Structure formats: structure tokens, C-alpha cells
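The lines below spell out each chain.
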Amino acid sequence: MIVKPRIRGFICTTAHPVGCAKNVSTQIEYVRGFDTISGPRNVLIVGCSSGYGLASRITSAFGCGSATLGVSFEKAPSENKTGSAGWYNNAAFEQRAEQAGLYARTIDGDAFSDEIKAQTIDAIRSDLGEIDLLVYSLASPVRKHPRTGEFYRSSIKPLGKVFSSQTLKFDLVSGNAEVVDIDLDPADADEADATVAVMGGEDWEYWIEALQEADVLASGFETVAYTYIGNQLTWPIYWDGTLGRAKEDLDRASEEISTKLTGTNGRANVAVLKAVVTQASTAIPVVPLYFSILFRVMKERDCHEDCIAHIHRLFREQLYSNQTKRMDEIGRIRMDNYELDAEIQSEVQRRWSKVTTDNIADLADLRGFRDDFFRLFGFGIESVDYDADIELMIGH
Ligand code: NAD
């Protein structure tokens, strides 16, 4: 089939298998440009198929030589419908890992469920024995609670009062962009609680409990979960909103997990990462305007990182380095130091206060944002022939 992007808002319902494989290869080549990191032997990545989870898997495997077990929830292809991008990313990763003689296995299903946790533990027992690192990189809009059966849907909303802001109305197909005003209604208590149930730390704790009970955690086992804080322009919709409340719960869980791991000399970390275009982040209102201004400023100052550059730096300089970790007052690892640099932020703030539909092309990196978005689904990559008739039924 000839595969073209099919876009609705900030969603693309098709994915190009060859383009996705190319994305995976590009990330692998990036990592191979560095010296090997003396890192973990066996790594479990929950949310392994795209964004920061995929970058963590690639860094573990090709940067540290680790065996990787991944969990993700992706859509398989059919004869006339493409699979999801994450499906093709997993297939490409596994193929490259096999060629490199690296163990790689992916479990496809709902990571929130007890069944998938049990399947993962079986795979660890039969193939690896134990794991040294769990990267928790889930981003999901829904969760069926494994113990109550209740179904939670997250809401990305402010808390307390209406948030009025400017935002980007971006037609990704034509590239037309407008800066428009938006009023975002606050969440009610149920919506806030549901968001914490989906994106908070409880499931991370359940993973650790299950792994600990199964006795598959190596001595010195570590776990890391990812969070975002950003700056005051997005705080009302992010850090001070429902998502921030869920991320605060991740901080709570991190402390609880660290306590549980003291017996095996292990610890839990939350790492604060920078803004990048992923399927999860583009769904947040107001954020694409901030991101596209930020990317332009960071690129002009030569400190912009994509997922793989950022995660490789996390492993190289923080998780598996002898340097003292860059921690904040509550013990999170701060990787957002370039994004939050005072000079970067004051320039973003300056542009934010004067951006309009007429000048946005000069102040923001619309092109980069759009390219990143298309690339998530394997489109817009130079060396790929998008008129070629290709096989969709790729993957396990
Ligand atoms: P993403 O959308 O690229 O990846 C999400 C992953 O979760 C995919 O592998 C997907 O298959 C998996 N997933 C979703 N629901 C699942 C389920 N029920 N069972 C199994 N797997 C499931 O997202 P991302 O942006 O890389 O986000 C990963 C983490 O990084 C999140 O915690 C996010 O808050 C954090 N983070 C993101 C940014 C950003 O700018 N994108 C910045 C800082 C932190």
C-alpha cells in the first residue's frame, strides 16, 4: 500500500513503517556516536514504543549494551490499515537489536493490568532472571484500575479557575498558523482525581510491588519515572493543573518506592525532562505555542535536544555517572536545566508577550514543530520514498 499521513487536529491516524524504521535507526546511530556507558545489564521499559520511552530503550541497548524488555500498547496493522507508529518502532528496534546480538522482547498490552505485569514477570524469569532498571515512561489518557475495575479518563485542565491564554491554532497539513485566545475551564474534583488515577504514581508502585514480590529485582535495582514542570507560561494548564497534580503524586510514589527498595540497596528517581514533540505532549492545550517558541530560542542558542539527545545525556551524565546528580530540593533529577536557563526563559517570555498571527513565523519554530510531528509517524524523512508501495504487515 502507498501510505500518506492522515491528520486530524494533533493526531495522525496512519504511520509509515519505513519512515518509523528510519527514525529508530537515526536514534541508534546517534547513540553509537558516543562511548559505551557502563550502565544496567537488564532493563524493563514501560512505555517503550515512542517518545522518551523509546529513546530510553535505545540508549539502554545501544548505549549501554543492555538487554531490554519493553511494554507498550500499540495497534497492529491489518492488510489495508497501517499499524500505529509505536508498533513499527518496536518492530524496527527488535530487528536492529537482534542484528546487534542484543536481547530485546516486547510485550504488547495494557501496562495497567495485572495480566501484562504477570506476563512481563514471566518473561523476566525465563529470559533474564532479574532486572537492574525499570524506566517508567507511560503516557496514557485512560486507565482501567486493576483492583476495582473502575475506568478513569484523564482531563487536561486547569484547577480552581478559568485559564485564559493565547494558543496556537495550527493546521498541520497546510502549515497555516494562527495565534488565538482560549479560555480553559477548570476541572472539577472528580476530573482531577481521575487524572491522578491515570497519570499519577500508583501504577508505578504496583509495578514495583509485583516485581519485588516475584523476586526479580537485582541488588542495587533502580527505577526512574519521567515528569515535566516547564515554566510559568504553561503552569496554569500543566504544573498547577490536573496533570501537575498527577505528577506530584509521582513524586510521592518515588519516595515510597525508594523506602521499599532500601533493603536491596535500590532507589527510585523522578527525572524532570525538557519539552519535546510527542503524541502525548501535542495533546495539551497552549503547550504547542510555548514549545514552538522555546524550540526556536533553544535552536538559536544551540542547546536544543530531541528525545534521544536528552535521554542519552540523562544516562551519561546523571543516572550512570560518577558526577554528583543535579537534584532539586525534593530530590528530582533536573534535566530541564537548558530549557529553564534564565536567558532562554527571558527570551521566550519576551517573544510570548508580543507573538501574533502576523509575526509568529519569525518568532517561533513552526517548521521544526511540524517536522517533528510528522516524523513521529514516519513521515517527512528525506531518504524515504513515500510513493512506493510498501508492506504494512510488519512486526511480531
Ligand atoms: P509518548 O506518547 O511518546 O509515549 C507513551 C508510551 O506509553 C507509548 O510507548 C505507549 O505505547 C505507552 N502506553 C500508553 N498507554 C499504555 C498502556 N495502557 N499500556 C502500555 N503502554 C502504554 O509519550 P512521551 O511524551 O514520551 O511521555 C512519556 C513520559 O515522559 C510521560 O510520563 C510524560 O509526562 C513524560 N514527559 C514528556 C515530556 C514531553 O515534552 N513529551 C516532557 C517531560 C516529561
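Residues numbered from 1 in each chain as written. Predicted model: local features only at pLDDT ≥ 70, side-chain atom pairs only at ≥ 80, totals over all residues. Heavy atoms only, no water.

Chemist: Please explain the sheet that holds strand S12 (residues 267-272) as it appears in this structure.
Modeler: Two strands in a sheet stick together by hydrogen bonds in their backbones, pointing the same way (parallel) or opposite ways (antiparallel). With parallel pairing, seven strands are arranged side by side in an open sheet as S5-S4-S3-S6-S11-S12-S13. The open sheet terminates on both sides in strands that have one partner only, identified here as strand S5 (104-108) and strand S13 (333-334). Pairing of S12 with S13, which is carried by two bridges, proceeds in the parallel orientation. By the bridge assignment, Ala-271 is partnered in S13 with Ile-333. Seen against the sheet, helix H3 (residues 85-99) touches strand S4 (67-72) and S5 and runs at an angle of roughly 160° to S5. (Pairing = 2+ DSSP bridges. Helix = DSSP H or I, 4+ residues; strand = E, 2+ residues; numbered from the N terminus. Contact = heavy atoms within 4.5 Å. Axes fitted to C-alpha atoms, helices over the stretch in contact; angles between N-to-C directions.)

Chemist: Explanation requested: the pairing of S4 in the structure shown.
Modeler: Along any regular strand the residues' side chains alternate between the sheet's two faces. Among the six residues in S4, six count as buried, and that is most of the element. Side chains Ala-67, Leu-69 and Val-71 of S4 all project onto a buried face; the interleaved residues Thr-68, Gly-70 and Ser-72 project onto the opposite face, where all are buried too. For strand S3 (residues 42-46) and S4, the ladder comprises five bridges, and the chain directions are parallel. Bridge pairing links Leu-44 to Leu-69 in S4. (Buried < 20%, exposed > 50% of the residue type's maximum accessible area, 1.4 Å probe, protein only.)

Chemist: Any chance you could explain helix H6 (residues 202-213) here in plain terms?
Modeler: Every α-helix carries 3.6 residues per turn, so stepping three or four residues along brings you back to the same face. Helix length check: H6 (twelve residues) gives 16 Å between terminal C-alpha atoms against 16 Å at 1.5 Å per residue, within 8%. Every buried residue of H6 is listed here: Asp-203, Trp-204, Glu-205, Tyr-206, Trp-207, Ile-208 and Leu-211. Positive backbone phi, approximately 60°, marks Asp-215, located one or two places after H6. (Expected span 1.5 Å × (residues − 1).)

Chemist: How should I be thinking about the layout of surface pockets in this particular structure?
Modeler: In this approach a probe as big as a water molecule rolls over the atoms, and the regions it shows empty are the leftover space. Put simply, the second largest pocket is a space of about 560 Å³. Asn-23, Gln-27, Asp-306, Cys-307 and Arg-375 are the residues nearest the centre of the second largest pocket, which is lined by 23 residues in total. Among the elements of the structure, helix H1 (17-32), helix H2 (51-64), helix H8 (287-300), helix H9 (307-319) and helix H12 (366-376) are those that each provide at least two residues to the lining of the second largest pocket. (1 Å grid on protein atoms, 1.4 Å probe; cavity = no way out; pocket = protein on both sides within 12 Å on 5 of 7 lines; lining within 4 Å. Points joined across faces, edges and corners; volume = space filled by probe spheres on them.)

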